[in-house]
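Residues per chain are reported as follows:
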Amino acid sequence: MDPEIETLRTRLEEAEETLRAIRSGEVDALIVSTSQGEQVFTLQGADRSYRALVEDMNEGALSLTPEGMILYANAKFASMLRTPLSKVIGSSIQKWSGPDGQAVLEVLLREGGQKKCREELTLTARDGTEVPVYLSVTPVVMDGSRDCLGVVATDLTEQKLAEQRLRLSEAQLSHVFENSPLGKLLQSMSGEVRVNKVFCSILGYTEEELRGKSWQDITHPDDVQATQLAMDALLSGRTESAHFEKRYIHKSGTPVWTDVTIGIGKDPSGKSLYLLTTIQDITARRETDAALLDLKQHLQRNIEMERLRLAQDLHDVPLQQLYAVIYKLEELRNRAMPANMQVIDDAIVEIQKTLTTLRATASELRPPALSRFGLEKAIRSYMADFH
């Protein structure tokens, strides 16, 4: 048994040395046992200079027999499979593909010997990790007659992850867009329009109907110019967003007051991509504000009328009565004894003080004469009060 063990050990060492030599480029031929017997595959001397270049590629590179046996693979391809290079070379490419990729590989091996073929499939690494790759297969002639296939394998893992993140981001944005409590309109620079259900509900149109209309078609004529100025500021780059109130025209023809915010989306280079319009129906608020203004004005008119009435009442009753009392006191003074004159004079002074206070009160109660009558009549009114 010892001679046999020693023989096996020697053959194993020779095999390991051969693999090392192949990986390091020290040999340019490989003997492979097949069903047709041992076959020799050689690397032409002129091609050996490319081995270092292939080894340093950021993509996987390998040579296959028409049946799919891997004659050569670079370190990048082995790392994609998370497998030592010695386990990759000499294996079948089919070994590294799941059931779904077998049919794709069959087509690549069959057609790749005649023309360039490209296909995407998923390989399975040694640890079970799925590795999406893009295989580019080209027919290659070795030894002047022996056909084999040159394959470049591009690892699509990062690309697939980026696409997955993008799809997730787009799904999240779409969910926010469609389920927003506010109306949303997304318009690309080429004119494509997308609206959510709330926007359609506010204006009474379906999404298909709105796609056939410009923003001018659904904007109140009196608000078109202001909206255009806001759009021009956005598109010229003078501002990144615009916020204002405007009226849209409902499908029924009635105006709809809205609170509008328009933002512009750009790519990293600054190129404009789309306009996002967000609207909130404020028609009810505007109607409430108008009703409150009418009520305020009505109450103000009533208050002014009541003040005017009170001022008139003060003038017509208490003031006139006090004037009459002063007149009578003055007549009484003319007939009074000298000892009583001072008492009458003091009474007249006190009544005049009261008259002054009442006149001031009546003047304050009157609505401003200028706003009521105009400048000329206001001057005449104040002159009459003075006299």
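Please read all numbers here as calculations on a predicted model, not as lab measurements. (Residues numbered from 1 in each chain as written. Predicted model: local features only at pLDDT ≥ 70, side-chain atom pairs only at ≥ 80, totals over all residues. Heavy atoms only, no water.)

## Some points on the overall build of the protein
Item 1. Within the protein, the regular secondary structure consists of 13 helices and twelve strands.
Item 2. Nonlocal contacts in the protein, meaning residues at least 24 apart in sequence, comprise 41% of its contacts between residues at least 6 apart. (Helix = DSSP H or I, 4+ residues; strand = E, 2+ residues; numbered from the N terminus. Contact = heavy atoms within 4.5 Å.)

## Let's talk about the packing of aromatic side chains
In this description, a pair of aromatic rings is defined by centroid distance and the angle of the planes.
Item 1. The tally for this structure, following the rule as stated, stands at one aromatic pair.
Item 2. Aromatic pair F199 and Y248: ring centres 6.1 Å apart, planes at 80°, arrangement edge-to-face. You can see F199 sitting in helix α7 (residues 197-203) and its partner Y248 sitting in strand β10 (residues 241-249), a full 49 residues away along the chain. In this structure, F199 and Y248 share a single accessibility class: buried. (Phe/Tyr/Trp six-rings, centres within 6.5 Å; stacked < 30°, edge-to-face > 60°. Buried < 20%, exposed > 50% of the residue type's maximum accessible area, 1.4 Å probe, protein only.)

## Section: unusual backbone geometry
Item 1. A positive phi angle is found at R82, which is not glycine, with a value near 55°.
Item 2. Mapped onto the elements of the fold, R82 is located in the loop between α3 (75-80) and α4 (85-88).

## A closer look at the nonpolar core
Item 1. By size, the foremost hydrophobic cluster in this structure holds 27 residues, and its most contacted members are L62, L64, I70, A73, F77, V88 and L135.
Item 2. Breaking this core down by element, the ones donating at least two residues are β3 (60-64), β4 (70-73), α3, α4, α5 (99-112), β5 (117-124), β6 (130-142) and β7 (146-155).
Item 3. It is β6 that contributes the most residues to this core, four residues altogether.
Item 4. If you look at the next biggest cluster of nonpolar residues, it comprises 23 residues, including L185, I202, Y248 and V260. (Core = buried A, V, L, I, M, F, W, Y, C linked by side-chain atoms within 4.5 Å.)

## A few points about the pattern of salt bridges
Item 1. Using the criterion set out here, one finds 15 salt bridges in the structure.
Item 2. Measuring nitrogen to oxygen at the nearest pair gives 2.8 Å for the salt bridge that ties E245 to R286. Taken as a pair, E245 in strand β10 and R286 in helix α10 (residues 283-335) lie far apart in primary sequence, 41 residues in all.
Item 3. Among the ionic pairs, E306 bridges to R309, the shortest N-O distance being 2.4 Å. With E306 and R309 both in helix α10 and three residues apart, this pair spans about one turn of that helix.
Item 4. On the basis of relative accessible area, R309 is assigned to the partly exposed category, the value being 40%. (Salt bridge = Lys/Arg side-chain N within 4 Å of Asp/Glu carboxyl O.)

## Notes on the packing of α10 against helix α11 (residues 338-365)
Item 1. Orientation of α10 relative to α11, taken along the N-to-C sense of each, is 165°, at an axis distance of 9 Å. Considering the angle they form, α10 stands roughly antiparallel to α11. Every pair of crossing elements has a handedness; the one defined by α10 and α11 is left-handed.
Item 2. Residues of the contact of α10 with α11, tallied by class, amount to 21 nonpolar, three polar and six charged. (Axes fitted to C-alpha atoms, helices over the stretch in contact; angles between N-to-C directions. Parallel < 35°, antiparallel > 145°, perpendicular 65-115°, else oblique. Left-handed = near helix turned anticlockwise from the far one by under 90°. Nonpolar A, V, L, I, M, F, W, Y, C, P; charged D, E, K, R; others polar.)

## Observations concerning the sheet that holds strand β11 (residues 255-266)
Item 1. The antiparallel open sheet is built from five strands, whose spatial order is β9-β8-β12-β11-β10. Two strands lie at the open edges of the sheet, namely β9 (193-195) and β10, each paired on one side alone. Direction aside, neighbouring strands of the sheet carry axes that sit 25° apart on average.
Item 2. Pairing analysis gives three bridges linking strand β8 (residues 183-188) to β9, with the strands arranged antiparallel. Note on β9: the bridge partner recorded for Q187 is V193.
Item 3. In the packing of helix α6 (residues 157-179) onto the sheet, contacts are made with β8, β9 and β12 (272-281), and the angle to β9 comes to roughly 65°. (Pairing = 2+ DSSP bridges.)

## Details of the pairing of β3
Each regular strand displays side chains that alternate between the two surfaces of the sheet.
Item 1. Of all five residues in β3, five are buried; the element is thus mostly enclosed.
Item 2. By the alternation rule, side chains of β3 split into G60, L62 and L64 and A61 and S63, which are all buried.
Item 3. The hairpin turn running from β3 into β4, its antiparallel successor, is five residues long, and G68 in that turn takes a positive phi close to 105°.

## Overview of the side chain of D259
Item 1. Structurally, the position occupied by D259 is in strand β11.
Item 2. Notably, D259 is buried but unbridged: the nearest opposite-charge side chain belongs to R285, and the N-O separation is 5.2 Å.
Item 3. Polar contacts involving the side chain of D259 include one to the side chain of H243, which spans 2.9 Å.
Item 4. Excluding anything up to four places from it in sequence, D259 contacts H243, F244, E245, T278, I279, Q280 and I282. (Lys, Arg positive; Asp, Glu negative; His and termini not counted. Polar contact = N/O pair within 3.5 Å; in protein donor to acceptor, adjacent residues only side chain to side chain.)

## Here's the deal with α11
Every α-helix winds through 3.6 residues per turn, so residues three or four apart in the chain are directed the same way.
Item 1. In this model, α11 (28 residues) spans 41 Å end to end at C-alpha, consistent with the 40 Å of a helix rising 1.5 Å per residue.
Item 2. Considered for burial, the residues of α11 that qualify are I344, I348, I351, L355, L358, A362 and L365.
Item 3. Tucked inside the fold, the buried residues of α11 contact α10. (Expected span 1.5 Å × (residues − 1).)

## Describing the pairing of β10
Item 1. In terms of strand pairing, β10 meets β11 through nine bridges, oriented antiparallel. In the sheet register, R247 faces β11, and the bridge partner there is W257.
Item 2. Taking the residues between adjacent antiparallel strands as the criterion, β10 and β11 are bridged by five residues, where G253 takes a positive phi near 100°.

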